[in-house]
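One-letter residues, chain by chain:
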Amino acid sequence: MESQGSSSTLPPPNMHVSPEDECVVAEETQQQTLGRSDTNIHAAQPDGTSATFRRTPTQSDSKLCGYLNKQGGPLKAWKSRWFAYEEKSCQLFYYRMAQDINSLGKVDLSRATFSYPLQGEEGTFHIQTPERTFILKAANRDTQMYWLQQLQLKRALYRDQHTEHQSVPRPDKQNVASTPSANCPANFLPMVKTPSGLVGEEAAILPAPGLNNPLNMSIKHPLIELQNTVHSFLNRQSQEIRQSVFHISDPNDSQKTPSSKASTLAVPTPGSSRTPESPTNSKCVDLQKNRLSTVSLDRKSNKEKFKPLDLDTSGLEKLSLAEEVKAQKELVLLLHKVLEDAQLEKRTCAQFLAAEGEQERLELLRHGERRAAKLRDHLESLQQENEKLWRDLNQKDCHITELQESVQLLMQKNQAKQEVILKLSEKLACGEDQHYTNGLETETFKQLTLENEHFKDDLKAYKTQNQYLNSEIYQLTTLWRKSSEQEQSLIVKCAVLEANNCQMESRYLGILQKLQESEELNPEQREAIKKVIKDVVKADLNAAIKLNPISDYDDYGFKIAVDYKVEDLKLLAKIQALEIRSHNLLNHEECDGPLLARCAQLLFGRPEAELSSSTELKGLLRTGLPREYRVRVWRFMIQTRTKSLRERHPDRYQELCEKSRASPHLVPRQIQLDLDRTLTTNQNFSPPSSPLIQKLERVLQAFSWQNPAIGYVQGLNRLAAIALLVLPDEEDAFWCLVVIVEYIMPHNYYTKDLLGCQADQRVLKDLMSEKLPRLTAHLEALKVDVSLITVEWFLVLFVESLPTRILFKVWDAFLYEGIKVIFRYALALFKYREEDILKIQDSVEMYQYLRIFPNTIADGRKLTSIAFNDMNPLPMKLLQNRRAVHLEHLRAEIRELENLQKAYKAEHVQCKDKELDTLASEDEEEV
């Protein structure tokens, strides 16, 4: 099919409407619309009753109805049926006659498509619905196109009205597609005039075709046929004035409206005939523009014809002036060079005369000779280059002459061919009789001309069909786009409702939990509340209908909701799952518009080598990076810290992997034991045959060779696993692990005694006593040591302690700013749940709650705000000073402990020696 741009091809035969005629028709329809009066119309309803409604100026001139042949029945025979369109339901009802009260069936046009075959009978067209396909036939081709275009417009108007009445707001993008000019098929196919006497209300007065044909009876609906026959028989006996249910009350109006003026097919919308943007008016304006453009083109062509004369008169003067200017420029350049040489000679002479001794003068002369030798060498090289350029120029001149000769030959051949073509065309135009005598007879020629005419008719028909199918495809595409946007808005609305439902359910469960802990309830009420809580806990959240497709796993493969195996914590897990689901429904993409705009402005299209440290990048990392930018920024931060080491050892990772393969017995055996226990809640590491498991093994083995002092300790597997989830290249993950252990964390953090980690736990306690004094006093009263919980936070950087959407925010800022980010988030976690922690009065329950509460954090933005705003000031220098003080105390305590161990060992050895001596003396006495 042709594209929309080729919609100006020929219309159907005998139905061509020029642009001038369309302008006149538009003016006539505008006058008719302005002067149309309200009339009453009797129309048949689907339930068989006759309804009366008032026609308004915004409605169409006549009701869409008329006789069509419908193919149906077991014999696939044509049966004459009266078809009438009902606007409210967008359905086409069909009857046996116009006087019938009960319809034989209906066609739903709201989801139908229309087409017609070229090889079938004249006037045949198809209406395809999701249920079935209706094959109809009009009296001629003009009536067929009228029905098809009217059905298209009715469908478009119904869909527009239906979407306007919907309560769901539509995006602004629909405003362009929903205008009447966009839906109008006149952009593809000229509008067909209303066939007089074949369609409309005046066709109901005519006798029904095929009334006496026995095949015209409906075998499928005998009861309806009987009711319609009885009704028509009673009408004839009572001699009612009304001849049809489509009869207009005023006979004068019925005679004037259909026959006086030919109405066009377009159904005007409110105000459409008055606006200058209508299709007919726009075509009139286009005609005037085309005429103006042709006049301007003629003027331009005339101006171009007279231009060569002006050039010939003034060409000699311009050439002489250009040559004179060129000569003057060359003279000026020569004078500049002479002046420079004179100044240089004067300068050298002055230096020579100013020299005090012969030695200096000789040195000046030698310098001049060396300079002259250099200039001679330079001159020789320039001469050689000049000769080379001259040779290249000569070769190119030869090539140009050859090309010119070939162009001349081609032009001569082309001229000869044109002469031959002209001679042959003259012979063909003047000597048709000679062709007949050479073998073609008159009958053959007539047959060829007849076939040519048939081909032309087929071509016109195919063009018309192509234009109509283009308009149908365009309308269907517009309807589909509107439906998809409406569906998307409904999905968003359902997601908001589901999120609100989850929030209400989580609050309800929280109230149940508080009631369960209340002491004011009697035993019966407590039992009832416990029963309700058990029922709620047993209900599976995943079994509920999910209107919004939110996965149970995030983008990195972590499970969103945590499953707690302890019975007392199952209700808490249920509440947490509802909060997380509500948060994900409301913020499916956590990065909002301004954050994405900042990332695009700072990072889009820039490789890692062009990034640089800045305050803006620091603020962006604290907010959290979108997933599509995280890989590049992490690579930049890793390469910045390891640039010198990687330049010295570019193939370091491959060498370490080769060492681990060559000496597998030197690799720590603990690596193999910890592989299956790495990130058990992540689906990327759950199968043992996962490729990430193999990459993780190679990264850990290479690091054990990179840093033999540490080798491998438990916790490094989780750090490397997080790096592998973000960085697809395992070598980048290896260098990320190196940066964390050797560059960011203190050097004694992952040793056997964990000296640096112990010092940081004491620093954290000092900061808690300063920034969270109430919470610190409460924990000390319960004799709870938070370092038993927080030591794991520091060693593995909150992996498997925080929800992943917050965890990667922490890592973004940690890789840029260092370990102070871990202190900030540790303090922020306690601040976030301070009120809940203060309510706990039992130490066992306190340890249990501290172990699980970081995973219950739902609002990551609030936690980030507490970490970087409420915990200020927290400079790195303060942390370093306090760590140094606590390291000295720890070393002193370790030395004291070692001295005690040595004294104990010495005393223990002496006691053993005395016992042996006494035993030996007793044996001797016995002997």
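Because the structure is a prediction, the values reported are computed rather than measured.

As a further point, take the pattern of salt bridges. In total, this model carries 24 salt bridges according to the counting rule given. Taking the shortest distance from any N to any O, the salt bridge between Arg-762 and Glu-893 comes out at 3.0 Å. Placement of Arg-762 in helix 22 (residues 755–771) and of Glu-893 in helix 30 (residues 876–926) is noted, with a sequence separation of 131 residues between them. Relative accessible area serves as the criterion here: at 27%, Arg-762 is assigned to the partly exposed category. Linked through salt bridges whose partners overlap, the residues forming this network are Arg-774, Lys-831, Glu-834 and Glu-835.

Take the packing of helix 22 against helix 26 (residues 820–832) next. Direction vectors running N to C along helix 22 and helix 26 enclose 50°, while the axes themselves pass 11 Å from each other. Taken as axis vectors, helix 22 and helix 26 run oblique relative to one another. In the crossing of helix 22 with helix 26, the sense of the turn from one axis to the other is right-handed. Of the residues in helix 26, those in contact with Asp-760, Val-763, Leu-764, Leu-767, Met-768 and Lys-771 of helix 22 are Phe-823, Ala-826, Leu-827 and Phe-830.

Leave glycine aside and you will find that most residues have negative phi; peptide bonds, for their part, are mostly trans. Cis rather than trans, the peptide bond between Asn-872 and Pro-873 has omega equal to -5°. For Pro-873, the position within the fold is in the loop between helix 29 (860–870) and helix 30. Phi at Leu-754 is positive, roughly 50°, even though this residue is not glycine. Tracing the backbone shows Leu-754 in the loop between helix 21 (730–744) and helix 22. For Leu-754, a relative accessible area of 29% gives the class partly exposed.

Turning our eyes to something else, we now look at the sheet that holds strand 8 (residues 124–128). Sheets are built from strands that pair by backbone hydrogen bonding, the pairs being arranged parallel or antiparallel. Read from one edge of the open sheet, 7 strands run 6-5-4-3-9-8-7, paired in antiparallel fashion. At either margin of the open sheet sits one strand with a lone partner, and together these are strand 6 (105–108) and strand 7 (113–115). Averaged over all adjacent pairs, the angle separating strand axes in this sheet is 35°, with direction ignored. As judged from the 2 bridges shared by strand 3 (residues 65–72) and strand 9 (residues 133–137), these two strands associate in the antiparallel manner. Bridge pairing in strand 9 places Asn-69 opposite Lys-137.

We now examine the pairing of strand 4 (residues 77–86). In terms of burial, strand 4 is a largely internal element, 9 of the 10 residues being buried. Strand direction decides the pairing type here: strand 3 and strand 4, joined by 8 bridges, are antiparallel. Bridging from a neighbouring strand, Gln-71 pairs with Trp-78 of strand 4. Taking the residues between adjacent antiparallel strands as the criterion, strand 3 and strand 4 are bridged by 4 residues, where Gly-73 takes a positive phi near 85°. For strand 4 and strand 5 (residues 91–95), the ladder comprises 5 bridges, and the chain directions are antiparallel. In the strand pairing of strand 5, Ala-84 is matched with Phe-93. Hairpin connection between strand 4 and strand 5: a loop of 4 residues separates the two successive antiparallel strands, and Cys-90 in this loop has a positive phi of roughly 55°.

Let us look at helix 21. Compared with an ideal rise of 1.5 Å per residue, which puts 15 residues at 21 Å, helix 21 spans 20 Å between its outermost C-alpha atoms and is within 8% of the ideal. With 13 of 15 residues buried, helix 21 lies mostly within the body of the structure.

Before going further, it helps to examine the side chain of Gln-149. Here Gln-149 shows up in helix 2 (residues 141–164). Take Gln-149: its relative accessible area is 1%, and that puts it in the buried class. Of the polar contacts made by the side chain of Gln-149, one reaches the backbone nitrogen of Val-192; its length is 3.2 Å.

Let us look at the confidence of the model for the protein chain. With 69% of its residues at a pLDDT of 70 or more, the protein chain has an overall mean of 75. Taking the mean pLDDT of every element in the protein chain, the minimum, 37, falls on strand 2 (residues 50–54) and the maximum, 95, on helix 26. Considering only residues more than four positions removed or in separate chains, one finds that residues 167–186, a stretch of pLDDT under 50, has 36 contacts.

Let us look at the nonpolar core. In globular proteins that are soluble, nonpolar side chains generally tend to be buried together. Counting 109 residues, the largest nonpolar core has Leu-716, Phe-798 and Phe-830 as the members making the most contacts within it. Apart from the residues within four sequence positions on either side, Leu-716 is in contact with Leu-700, Phe-703, Ile-710, Gly-711, Leu-737, Val-741 and Tyr-750. By size, the runner-up hydrophobic cluster in this structure holds 28 residues, among which are Tyr-94, Ile-127, Leu-136 and Leu-148.

Rules behind the numbers
- Residues numbered from 1 in each chain as written.
- Predicted model: local features only at pLDDT ≥ 70, side-chain atom pairs only at ≥ 80, totals over all residues.
- Heavy atoms only, no water.
- Salt bridge = Lys/Arg side-chain N within 4 Å of Asp/Glu carboxyl O.
- Helix = DSSP H or I, 4+ residues; strand = E, 2+ residues; numbered from the N terminus.
- Buried < 20%, exposed > 50% of the residue type's maximum accessible area, 1.4 Å probe, protein only.
- Axes fitted to C-alpha atoms, helices over the stretch in contact; angles between N-to-C directions.
- Parallel < 35°, antiparallel > 145°, perpendicular 65-115°, else oblique.
- Left-handed = near helix turned anticlockwise from the far one by under 90°.
- Contact = heavy atoms within 4.5 Å.
- Pairing = 2+ DSSP bridges.
- Expected span 1.5 Å × (residues − 1).
- Polar contact = N/O pair within 3.5 Å; in protein donor to acceptor, adjacent residues only side chain to side chain.
- pLDDT = per-residue confidence, 0-100.
- Core = buried A, V, L, I, M, F, W, Y, C linked by side-chain atoms within 4.5 Å.

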